[in-house]
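Single-letter residue listing:
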Amino acid sequence: MTDQFSFTVAATDGAARTGEIRMPRGVIRTPAFMPVGTAGTVKAMYPEQVKALGADVVLGNTYHLMLRPGAERVARLGGLHAMMQWPYPILTDSGGFQVMSLAGLRKLDETGVRFQSHLDGSTHLLSPERSIEIQGLLGSDIQMQLDECVRLPAPESAIESAMRLSLRWAERCRIAFGDQPGKAMFGIVQGGDIPALRVESAKALVGLDLKGYAIGGLAVGEPQATMLAMIETVEPHLPTHKPRYLMGVGTPDDIVQAVSRGIDMFDCVMPTRAGRHGMVYTRHGRLNLRNARFAEDNSPLDPDSTCPAANLYSKAYLHHLVRAGEILGMMLLTWNNLSYYQDLMAGLRKAIAAGRLADFIGETREGWEKAER
Ligand SMILES: CNc1nc2c(CC[C@H]3O[C@@H](OC)[C@H](OC)[C@@H]3O)c3nc(N)[nH]c(=O)c3cc2[nH]1
């Protein structure tokens, strides 16, 4: 049987690539932005809308879903795709990052992470094997290894031990995942802001011959320059014929910078979370619609956008909804933001295919500067 998970690079422009990941549940056009649907929903959006905007894959999260509604329950109910009415690919994170940032009492050792639920204080063990088992129960198409992500800045000793633990956990996840045609398990490169550790992590993971490689441990408080330097450090050691996923990134500028350095996949809560708080991303930059200057601005966010949230409603109305805390405000701004992110990704894919990425990035950044003035 041909392997049902394939990645094809259609064109390159410098280190940037555009291509497709083909899986049984659908095709993921890269560079891809993956809307975050942590608890089985992309907040404030209908799944049909998310698809219509151009998203080919959404994210779920082991930590949240194992606590509520529970992985075995999701499996009994037919899996995440059926529950959330998203028949396309789903990528699930392994939960480690969340445990370290959300859970109550937690103890990390070689076995895994023991923690107390932030919902009801119940105790849980998230081991590499259990994380893969949960992702399987959810029905995830692309599963992430369990890893230890260290926030930056951090002592080199902490970064080194987390990187080595993550490598040992990658091997255990690979054994637990076994051979599931049509599904994939990605390794996660760690190593903080230390180039030698980053290279060691990348080389060891590539030695496991995984289907794809994430760069983790970034967008955890470090300056953008450090994040970009680590991408440049790791990228040459990752195979060109497999996808690269930069976890938790990022702003539109982060994304264009990382795409030009060879990243294929992104996830970030920014467009959805910011939308719920009145912040919008447009071709003309970022606007805070809570600002009184919009109270009588009858112009739409972007008349040239195909998204009704951007070309139909006035800033004044959106400002009113945000100030009034109206649910429609969250819905429209989330819709606008995800639409802008997907338009940006479509523009990047097109520019790489045409060999004009540098021009596209220049034009895009010029547009952002307009609003800031
Ligand atoms: C924001 N910066 C950032 N996010 C990161 C995430 C996803 C968080 C996960 O949390 C949820 O969003 C809040 C998403 O879950 C659906 C996401 O996958 C990471 N996940 C793992 N396993 N390892 C990392 O090194 C890592 C680093 C990150 N840096």
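Parameters at a glance
- Residues numbered from 1 in each chain as written.
- Predicted model: local features only at pLDDT ≥ 70, side-chain atom pairs only at ≥ 80, totals over all residues.
- Heavy atoms only, no water.
- Near = heavy atom within 4 Å.
- Polar contact = N/O pair within 3.5 Å; in protein donor to acceptor, adjacent residues only side chain to side chain.
- Areas by Shrake-Rupley, 256 points an atom, 1.4 Å probe, with all protein chains shown as cover.
- Helix = DSSP H or I, 4+ residues; strand = E, 2+ residues; numbered from the N terminus.
- Nonpolar A, V, L, I, M, F, W, Y, C, P; charged D, E, K, R; others polar.
- Salt bridge = Lys/Arg side-chain N within 4 Å of Asp/Glu carboxyl O.
- Buried < 20%, exposed > 50% of the residue type's maximum accessible area, 1.4 Å probe, protein only.
- Contact = heavy atoms within 4.5 Å.
- Pairing = 2+ DSSP bridges.
- Axes fitted to C-alpha atoms, helices over the stretch in contact; angles between N-to-C directions.
- Phe/Tyr/Trp six-rings, centres within 6.5 Å; stacked < 30°, edge-to-face > 60°.
- pLDDT = per-residue confidence, 0-100.
- Disulfide = S-S within 2.5 Å.
- Parallel < 35°, antiparallel > 145°, perpendicular 65-115°, else oblique.

S.K.: When you look at the site of the ligand in this model, what are you seeing that I'm missing?
M.R.: Near the ligand you find 22 residues, and of these Asn61, Asp93, Asp147, Gly217 and Leu218 are the closest. Between Asn61 and the ligand, the recorded distance is 2.8 Å, taken from a side-chain N or O atom to an oxygen atom. Here Asp147 contributes a side-chain N or O atom positioned 2.6 Å from a nitrogen atom of the ligand. Look at the ligand: alone it shows 600 Å² of surface, and the protein chains cover 91% of it. Of all the secondary structure elements, the ones that give two or more residues to the shell around the ligand are strand E5 (58–61) and helix H5 (96–102). For the shell around the ligand, the element with the most residues is E5, which contributes three residues. Of the residues in the shell around the ligand, the class split is ten nonpolar, nine polar and three charged.

S.K.: Would you mind going over the pattern of salt bridges with me for this structure?
M.R.: Pairs may arise between side chains of opposite charge once their charged atoms sit close together. What the rule picks out here adds up to 21 salt bridges. Glu232 serves as the salt-bridge partner of Arg261, at 2.6 Å between the closest nitrogen and oxygen. Placement of Arg261 in the loop between helix H10 (252–259) and strand E14 (265–268) and of Glu232 in helix H9 (residues 224–234) is noted, with a sequence separation of 29 residues between them. Several salt bridges converge on common partners, so that one network encompasses Arg29, Lys51 and Asp56.

S.K.: Teacher, can you tell me more about the side chain of Asp302 here?
M.R.: Considering the arrangement of structural elements, one finds Asp302 in the loop between strand E16 (285–288) and helix H12 (308–311). On the accessibility criterion, Asp302 (5% relative accessible area) is buried. Here Asp302 is in contact with Arg283, His284, Ala310 and Asn311, once residues within four sequence places are set aside.

S.K.: How should I be thinking about the sheet that holds E14 in this particular structure?
M.R.: Within a sheet, each strand pairs with its neighbour through backbone hydrogen bonds, oriented either parallel or antiparallel. Strand order in the open sheet formed by eight strands is E4-E14-E13-E12-E11-E10-E6-E5, with parallel pairing between adjacent strands. Only two strands of the sheet have a single partner each, and these edge strands are strand E4 (32–35) and E5. The sheet shows a mean angle of 25° between the axes of neighbouring strands, taken without regard to direction. Strand direction decides the pairing type here: strand E13 (residues 244–246) and E14, joined by two bridges, are parallel.

S.K.: Teacher, can you tell me more about the sheet that holds strand E2 (residues 16–23) here?
M.R.: Read across the sheet, three strands follow the order E1-E2-E3 without closing on themselves; strand pairing throughout is antiparallel. Of all strands in the sheet, those bounded by a partner on one side alone are strand E1 (6–13) and strand E3 (26–30). Within the sheet, the average angular offset between the axes of one strand and its neighbour, ignoring direction, is 15°.

S.K.: Would you take a moment to explain the packing of aromatic side chains for this structure?
M.R.: How two aromatic rings sit relative to each other is given by the distance of their centres and the angle of their planes. What the rule picks out here adds up to six aromatic pairs. Look at Phe33 and Tyr341: their rings are 4.7 Å apart centre to centre, the planes differ by 55°, and that puts the pair in the tilted class. Of the two residues, Phe33 is situated in strand E4 and Tyr341 in helix H14 (residues 327–353); the sequence distance between them amounts to 308 residues. Considering the side-chain rings of Trp86 and Tyr88, the 5.0 Å spacing of their centres and the 80° angle between planes classify their relative orientation as edge-to-face. On the basis of relative accessible area, Trp86 is assigned to the buried category, the value being 1%.

S.K.: Any chance you could explain the confidence of the model for the protein chain here in plain terms?
M.R.: When pLDDT drops low, the exact placement of atoms in the prediction is not to be read closely. Summing up the model confidence of the protein chain, the mean pLDDT is 96 and the portion of residues at 70 or higher is 98%. Per-element confidence in the protein chain ranges from a low mean pLDDT of 89 for H5 to a high of 99 for E13. The complex prediction reports pTM at 0.98, with the ipTM value standing at 0.97.

S.K.: How should H10 be read in this particular structure?
M.R.: Three or four residues apart is the spacing at which side chains of an α-helix point the same way, because the helix has 3.6 residues per turn. Of all eight residues in H10, eight are buried, a share of seventy percent or more. Within H10 the residues assigned to the buried category are Pro252, Asp253, Asp254, Ile255, Val256, Gln257, Ala258 and Val259.

S.K.: I'm lost on the state of the cysteines in this one. Help?
M.R.: One covalent bond between the sulfur atoms of two cysteine residues makes up a disulfide. Enumeration over the complete set of coordinates arrives at zero disulfides. For the unlinked cysteine Cys173, the closest cysteine sulfur is that of Cys149, found at 15 Å. There is no disulfide at Cys268, and the cysteine sulfur nearest it, in Cys149, is 14 Å away. For Cys268, a relative accessible area of 6% corresponds to the buried category.

S.K.: Looking at this structure, how should I read the packing of helix H7 (residues 156–177) against helix H8 (residues 195–206)?
M.R.: Each packed pair of helices is defined by two parameters, the angle between the axes and the distance between the axes. It is at 10 Å that the axes of H7 and H8 come closest, and there the two elements cross at 5°. Taken together, the axis directions place H7 and H8 in an arrangement best described as roughly parallel. Where H7 abuts H8, its residues Glu156, Ile159, Glu160, Met163, Arg164, Leu167 and Ala170 lie against Leu197, Glu200, Ser201, Ala204 and Leu205.

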